[in-house]
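Descriptive structure summary
Now for the letters of each chain:
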Amino acid sequence: MPRDPYEVLGVPRDADETQIKKAFRKLARELHPDNNDAPDAEDKFKETAQAYEILGDAERRATFDRYGHDGLRGGGFQSQTEGFGSFSDLFSAFFGDQGGGGGPAQGEDLLVRLDLSLEQTVKGGEVSLSFDGIVGCGTCDGSGAKPGTDTKRCTKCGGAGELRAVARTPFGQVVRAVACDQCSGRGVTIETPCPECRGEGRVVENRDVTLDIPLSIAHGQRIRMRGEGHAGEAGAPSGDLYIQVSVKPHPVFTRDGDHLVAVAPIAAPFAALGTTLEIDGFDGPIPVEVQPGAQPGEEVRIQGLGMPRGRGDRGELRVVLDVVVPRRLDDRQRELLEAFADSLEDRNLKTPGGIGERLRRLAGKRR
Ligand SMILES: [Zn+2]
Ligand SMILES: [Zn+2]
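Quick look at the structure, then. This structure is a prediction, so every number in the text was calculated from the model and none was measured.

Turning our eyes to something else, we now look at the overall build of the protein chain. Counting secondary structure elements, the protein chain contains 10 helices and 15 strands. Taken across its 367 residues, the protein chain has 23% of its residues classed as buried. A sequence separation of at least 24 residues applies to 64% of the contacts in the protein chain between residues at least 6 apart.

So, on to the packing of helix α2 (residues 17-31) against helix α3 (residues 41-55). Interhelical geometry of α2 versus α3 gives an angle of 165° and a closest axis separation of 10 Å. It follows from the interaxial angle that α2 and α3 lie roughly antiparallel. Crossing handedness for the pair α2 and α3: left-handed. In this structure, α2 uses Ile20, Phe24, Leu27, Ala28 and Leu31 to contact α3, whose residues at the interface are Ala41, Lys44, Phe45, Thr48, Tyr52 and Leu55. Each residue belonging to the contact of α2 with α3 can be placed in one class, and the counts come to nine nonpolar, one polar and one charged.

Taken in spatial order, the four strands make up an open sheet running β10-β11-β15-β14, and their pairing is mixed. Two strands lie at the open edges of the sheet, namely β10 (254-256) and β14 (299-308), each paired on one side alone. Ignoring strand direction, the axes of neighbouring strands in this sheet form an average angle of 35°. Pairing geometry for β14 and strand β15 (residues 314-324), over six bridges, is antiparallel. Note that in β15 the partner of Arg301 across the bridge is Arg318.

Attention now goes to the nonpolar core. For soluble globular proteins, the rule of thumb is that nonpolar side chains tend to be buried together. Core analysis: the biggest nonpolar cluster contains 16 residues, and Leu9, Phe24, Ala51, Tyr52 and Leu55 have the highest contact counts within it. With six residues, α3 is the single largest residue contributor to this core. With 15 residues, the next largest nonpolar core counts Phe253, Leu260, Ile266 and Val290 among its residues.

So, on to the pairing of strand β11 (residues 259-267). The side chains of a regular strand alternate between both faces of the sheet. Pairing of β10 with β11 involves three bridges; the strand directions are antiparallel. Bridge pairing in β11 places Arg255 opposite Leu260. Hairpin connection from β10 to β11: two residues lie between these consecutive antiparallel strands, with Gly257 at a positive phi of about 65°. Bridge analysis of β11 against β15 gives eight bridges, and the strand direction is parallel. Pairing of Ala264 across the sheet is with Leu321, part of β15.

The next point concerns the sheet that holds strand β1 (residues 110-116). With respect to topology, three strands assemble into an open sheet ordered β1-β9-β8, the strand pairing being mixed. Where the open sheet ends on each side, the last strands, each with one partner, are β1 and β8 (222-225). Ignoring strand direction, the axes of neighbouring strands in this sheet form an average angle of 25°. Summarising the sheet, β1 and strand β9 (residues 241-247) pair through seven bridges and their orientation is parallel. Paired with Leu110 across the bridge in β9 is Leu241.

A few words on helix α4 (residues 58-74). The terminal C-alpha atoms of α4 lie 17 Å apart, and with 17 residues this falls more than 12% below the ideal 24 Å at 1.5 Å per residue. At Tyr67, α4 shows its maximal kink, close to 125°. Along α4, the residues classified as buried are Thr63, Phe64 and Leu72. Buried-residue contacts for α4 involve α1 (5-9) and α3. Just downstream of α4 lies Gly76, where phi reads positive at about 85°.

About the thresholds
Residues numbered from 1 in each chain as written. Chains lettered and ligands numbered in written order. Predicted model: local features only at pLDDT ≥ 70, side-chain atom pairs only at ≥ 80, totals over all residues. Helix = DSSP H or I, 4+ residues; strand = E, 2+ residues; numbered from the N terminus. Buried ≥ 20, exposed ≤ 12 C-beta atoms within 10 Å, placed from the backbone. Contact = placed C-beta atoms within 7 Å. Axes fitted to C-alpha atoms, helices over the stretch in contact; angles between N-to-C directions. Parallel < 35°, antiparallel > 145°, perpendicular 65-115°, else oblique. Left-handed = near helix turned anticlockwise from the far one by under 90°. Nonpolar A, V, L, I, M, F, W, Y, C, P; charged D, E, K, R; others polar. Pairing = 2+ DSSP bridges. Core = buried A, V, L, I, M, F, W, Y, C linked by C-beta atoms within 7 Å. Expected span 1.5 Å × (residues − 1). Bend = angle between axes of the 7 residues up to and from the residue.

If you want it as structure tokens, here you go:
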């Protein structure tokens, strides 16, 4: 059994026509597929539309008030919300065409992929993209007619480029403007089509676009360039160009938000003694100061060598120390190490921040 339509629209039982219309429009706006991508938005919109079909019609409303949903069904009422191809079609049926009415169609959006290195996202700079797109035909200037030949005013639309179509909707009759099918919204018919575009006014062409790489742009982000998509029909506005950014993995650095992370192997004796390591940076080696007694997994943080975050500021470079214990010792090395091992005392082995302490801290947090 469907819900009570007054409840669905959230209006009192004595609501007047204006109140009902307002409530419906408000709910519908919220549920519009462009504003709402919740999976149940379509079902909710259908329910809302069905409620409006009843309350927006005086006769149906009176029937419902007296006999409820059973009364409507008995009277042969059938909701018009079923049988639409898509949610958007359903919306168009209620509100008229949302796509801007008649006239030549606007150009489609275009999606291209841009591969960047991590270094490019740190340093920025210009990059050019090459792709196939639909552009206005240069030979006929987008008119579709062979240069120097005549065009005639369209007989079907009288040159307006659009036709008026009347649609029945729950709001009553709605006049929708649709592009004229005889002239594709141009308003003129072509006698001799342009040989280059065969009368289309548009051709597919290889295009180049140059853009400034936004600093710190991340893998998976999209850049939108307004009006750089496919050209529209007969001079209608172009679509937008979307650039899907893909950042290639770097052999040394991994990005972590504002920071760059690198792993540096260090032999256990050097970790014990302290040393200066070098890792390969974008502009040559970066010295990394390791304090005596560094432990496995410890981080050395270097300010200002991470990702740019505006106004010349940058995050940190975090170098994680991977302490390597020497293996395959020869006799001399074993002797030295045995002597060293014999010399060890408790104070040498206390490891603040070591694995044991970290485990205890983790366990403490869980408790
Ligand atoms: Zn042409
Ligand atoms: Zn026409």
